[in-house]
Amino acid sequence: MKKDVKGSPAGRVVTRFAPSPTGYFHAGSYRTALFSCIYARQHGGSFILRIEDTDKERSKKEYEKNIVDSLEWMGLSYDAFYRQSERTEIYRRYIQRLIDSGHAYVSKEAGGKEGGREEVIRFRNPGRTVAFDDLIRGHIEFDTAELGDFVIAKSMDEPVFHLVVVVDDREMGITHIIRGEDHISNTPRQILIYEALGATPPAYAHIPLLLAADRSKLSKRNGAKPVTAYRDEGYLPEAVVNYMALLGWHPADDREVVPFGDIVKEFSLERVQKSGAIFDEEKLAWFNRQYLQRLDDGAFLAGARPFMPASIAEDAAVRLVPLLREKARCYADAARLLAPGGELGFAAALPAYDPEMLLWKKAPDKAAAAAHLAAVKAALEAVPAAGFSADAVKAAVWPYAEAKGRGDVLWPFRIALTGQERSPDPFASAAVLGKEETMARIRAAIAQLG
Ligand code: GLU
């Protein structure tokens, strides 16, 4: 339930995440949202989502939806939701108030459409030094004189960024502004507006940027994917959240896999590092594997099932779990492994293969290969279908393979089952296929050799 949290009872923490819906939501923005949300939860406060869509040209509903979907997938719930495009009346009131108190004025300027004059509303900058104590970066001072009388609205109904941020943060009772350090240079202007309104600015915490592998700021241009791309690849949201929380912050010890509840307990802005953190896809995949390993078989299967080809029957899907667990970094890997040509593609369908492939390179003899396959088949008859595990298959076939030569026996056995050079060992492959299919494939291989 989303409730309005206008104003903040003394001492209560209220944070916000204020994205502009001008692009797909990627890790850089996500981490800002995460830190703001964690901080609010940790203090029993509120977390607000505010869509900053005053730039009509660049803001798109599609991007807003992507932000909302991403937060939902990652389990970051907010207590209130606002859209700046619906708050024009409020901003108008504040602009009027600033004009009335002499802190802002209407300025007629050249450069309007068709060479005419246009009106803008400028803030009357007292031009003094502004200081604040950032919770991450410490004491910061700016000389605001060079900023001049900056624009706060293009008209009474078109306020611009600095004004709307301050009005909303004030109206919504924000106590802590946690945002990217690219906003540090905006802070002095915003503090001046607070002062003009006779209000005290909230606390600021500017978090270091997320960087791409080449240390440039993470952005769409250097390959930052939308957060929803990880959802679509079948990453576990808990793993993604855990990884991202550790970008720029870490617990007092060197634990890496930290459940969200513990992160909320242990997080502190004071421990957020000042330098940029590198977003590393490989490391994210490592985290996801850690979380996949912790799932029981049932939960793993439930997550992986939608990514498996439809031709895989339920019992085969169950039998695939150990192999998928061993090889998959995310659920979409299950789709890749099981696709034709993938390492486990044989489980979905036996590929057509050249009978020559059945011949062990050190003893390329058709009759011998057929005889070994017949012996393997005979040994497997004794293994019950219900207990057709990799261990049981191995126990049945191993003595014969030892006696006749492992390569001579196991090579044609594996190719008969998988038809592919790259595939798991024949015991694991047989267990995945089940007894009936294993026997059918061995029979077909023997027929091909005849
Ligand atoms: N809307 C701004 C952005 O997307 C954030 C403003 C703020 O956090 O103060 O960069």
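Higher on the page you've got the structure.
The notes below deal with the structure included here. For clarity, every value in this text was computed on a predicted model and none was experimentally measured.

## Examining the overall build of the chain
The number of helices and strands found in the chain is 17 helices and twelve strands. Taking 2.2 N^0.38 as the reference for a compact globule, 450 residues should give roughly 22 Å; the C-alpha atoms of the chain span a radius of gyration of 31 Å, well beyond that estimate. In terms of principal-axis extent, the alpha carbons of the chain reach across some 100 × 55 × 40 Å. Sorting the 450 residues of the chain into buried and exposed places 50% on the buried side. A separation threshold of at least 6 residues defines the contact pool for the chain, and within that pool the share at least 24 residues apart is 73%. For the chain, the exposed surface amounts to about 20500 Å²; the carbon and sulfur share of it is 52%. The averaged location of the 62 negative side-chain charges in the chain is 0 Å from the averaged location of its 60 positive side-chain charges.

## A closer look at the sheet that holds strand S4 (residues 104–110)
On the basis of which strands lie adjacent, the open sheet formed by three strands has the order S4-S5-S8 and antiparallel pairing. A single partner strand is all that each edge strand has here, and the edge strands are S4 and strand S8 (151–153). Each strand of the sheet is rotated relative to its neighbour by a mean of 55°, with strand direction disregarded. The pairing of S4 with strand S5 (residues 117–123) spans seven bridges and is antiparallel. Counterpart to tyrosine 105 in the pairing with S5 is arginine 122.

## Considering the nonpolar core
Soluble, globular proteins show a tendency: their nonpolar side chains are buried together. Membership of the largest hydrophobic core comes to 107 residues, with the highest contact counts inside it found for Tyr30, Leu34, Leu71, Met244, Phe279, Leu380 and Phe413. Ala80, Ile174, Ile191 and Leu192 belong to the second largest nonpolar core, which has 35 residues in total.

## Some words on the pattern of salt bridges
According to the stated counting rule, one finds 36 salt bridges in the structure shown. The closest approach of N and O atoms between arginine 50 and aspartate 168, which form a salt bridge, is 3.6 Å. Of this pair, arginine 50 sits in strand S2 (residues 46–51) while aspartate 168 sits in helix H4 (residues 161–171), and the two are 118 residues apart along the sequence. Exposure remark for aspartate 168: the relative accessible area of 0% places this residue in the buried category. Residue lysine 265 is joined to aspartate 262 by a salt bridge in which the shortest nitrogen-to-oxygen separation is 3.6 Å. Residue lysine 265 and its partner aspartate 262 are located together in helix H8 (residues 260–266), separated by three residues, close to a single helical turn. Given a relative accessible area of 64%, lysine 265 falls into the exposed group. Residue classification places aspartate 262 among the partly exposed residues on the basis of a relative accessible area of 25%. Through salt bridges with shared partners, a single ionic network connects Arg16, Arg50, Glu52, Arg87, Asp168 and Asp169.

## Some points on helix H15 (residues 390–404)
In this model H15 runs 20 Å from its N-terminal to its C-terminal C-alpha over 15 residues, within 8% of the 21 Å that 1.5 Å per residue would give. Remark: the principal bend of H15, roughly 40°, maps to valine 397, with a proline, proline 399, within the next four residues. The complete set of buried residues in H15 reads Val393, Val397 and Ala401. Buried residues belonging to H15 abut helix H14 (366–381), helix H16 (406–418) and helix H17 (426–449).

## Looking at the site of the ligand
With respect to spatial proximity, the complete set of residues near the ligand consists of Arg16, Ala18, Pro19, Ser20, Glu52, Phe161, Val165, Arg179 and His183. Contact between the ligand and alanine 18: a nitrogen atom at 2.7 Å from a main-chain N or O atom of the residue. A distance of 2.6 Å separates a nitrogen atom of the ligand from a polar atom in the side chain of glutamate 52. Coverage of the ligand by the protein chains reaches 81% of its 300 Å² of free accessible surface. Its residues placed into classes, the shell around the ligand shows four nonpolar, two polar and three charged.

## Concerning the packing of helix H10 (residues 297–304) against helix H11 (residues 314–327)
Here H10 crosses H11 at 105°, and the two axes come no closer than 10 Å. In terms of their interaxial angle, H10 and H11 are classed as roughly perpendicular. Of H11, the residues touching H10 (which contributes Asp297, Phe300 and Leu301) are Glu314, Ala317, Val318, Val321, Leu324 and Arg325.

## Section: the packing of aromatic side chains
For the coordinates displayed, the defined rule picks out 17 aromatic pairs. Taken together, a centroid distance of 5.8 Å and an interplanar angle of 65° make the contact between phenylalanine 17 and phenylalanine 25 edge-to-face. A single burial state applies to phenylalanine 17 and to phenylalanine 25, both of which are buried. Clustering of aromatic rings is evident, with ring pairs tying together Tyr230, Tyr235, Tyr243, Phe279, Trp286 and Phe287. Against the face of phenylalanine 150 rests arginine 189, its NZ or CZ located 5.9 Å from the ring centre. Over the face of the ring belonging to tryptophan 398 we find lysine 394, whose NZ or CZ atom lies 4.9 Å from the ring centre.

## Remarks on H16
With 13 residues, H16 extends 17 Å from end C-alpha to end C-alpha; this agrees with the ideal 18 Å at 1.5 Å per step. Of all 13 residues in H16, eleven are buried; the element is thus mostly enclosed. For H16, the set of buried residues is Gly407, Val409, Leu410, Trp411, Pro412, Phe413, Arg414, Ile415, Ala416, Leu417 and Thr418. Phi turns positive one or two residues past the end of H16, at glycine 419, with a value near 65°.

## Looking at the pairing of strand S10 (residues 203–207)
Of all five residues that make up S10, four are buried, and the element is covered over most of its length. In this sheet, S10 lies alongside strand S9 (residues 176–180) in parallel orientation, the contact comprising five bridges. Within the sheet, the bridge partner assigned to glycine 180 lies in S10 and is isoleucine 207. Once you follow S9 into helix H5 (residues 187–196) and on to S10, the crossover reads as right-handed.

Calculation criteria
- Residues numbered from 1 in each chain as written.
- Predicted model: local features only at pLDDT ≥ 70, side-chain atom pairs only at ≥ 80, totals over all residues.
- Heavy atoms only, no water.
- Helix = DSSP H or I, 4+ residues; strand = E, 2+ residues; numbered from the N terminus.
- Rg over C-alpha atoms; globule rule 2.2 N^0.38 Å.
- Buried < 20%, exposed > 50% of the residue type's maximum accessible area, 1.4 Å probe, protein only.
- Contact = heavy atoms within 4.5 Å.
- Areas by Shrake-Rupley, 256 points an atom, 1.4 Å probe, with all protein chains shown as cover.
- Lys, Arg positive; Asp, Glu negative; His and termini not counted.
- Charge placed at Lys NZ, Arg CZ, Asp CG, Glu CD.
- Pairing = 2+ DSSP bridges.
- Axes fitted to C-alpha atoms, helices over the stretch in contact; angles between N-to-C directions.
- Core = buried A, V, L, I, M, F, W, Y, C linked by side-chain atoms within 4.5 Å.
- Salt bridge = Lys/Arg side-chain N within 4 Å of Asp/Glu carboxyl O.
- Expected span 1.5 Å × (residues − 1).
- Bend = angle between axes of the 7 residues up to and from the residue.
- Near = heavy atom within 4 Å.
- Polar contact = N/O pair within 3.5 Å; in protein donor to acceptor, adjacent residues only side chain to side chain.
- Nonpolar A, V, L, I, M, F, W, Y, C, P; charged D, E, K, R; others polar.
- Parallel < 35°, antiparallel > 145°, perpendicular 65-115°, else oblique.
- Phe/Tyr/Trp six-rings, centres within 6.5 Å; stacked < 30°, edge-to-face > 60°.
- Lys NZ or Arg CZ within 6 Å of the ring centre and 35° of its normal.
- Right-handed = clockwise from strand over helix to strand, strands pointing away.

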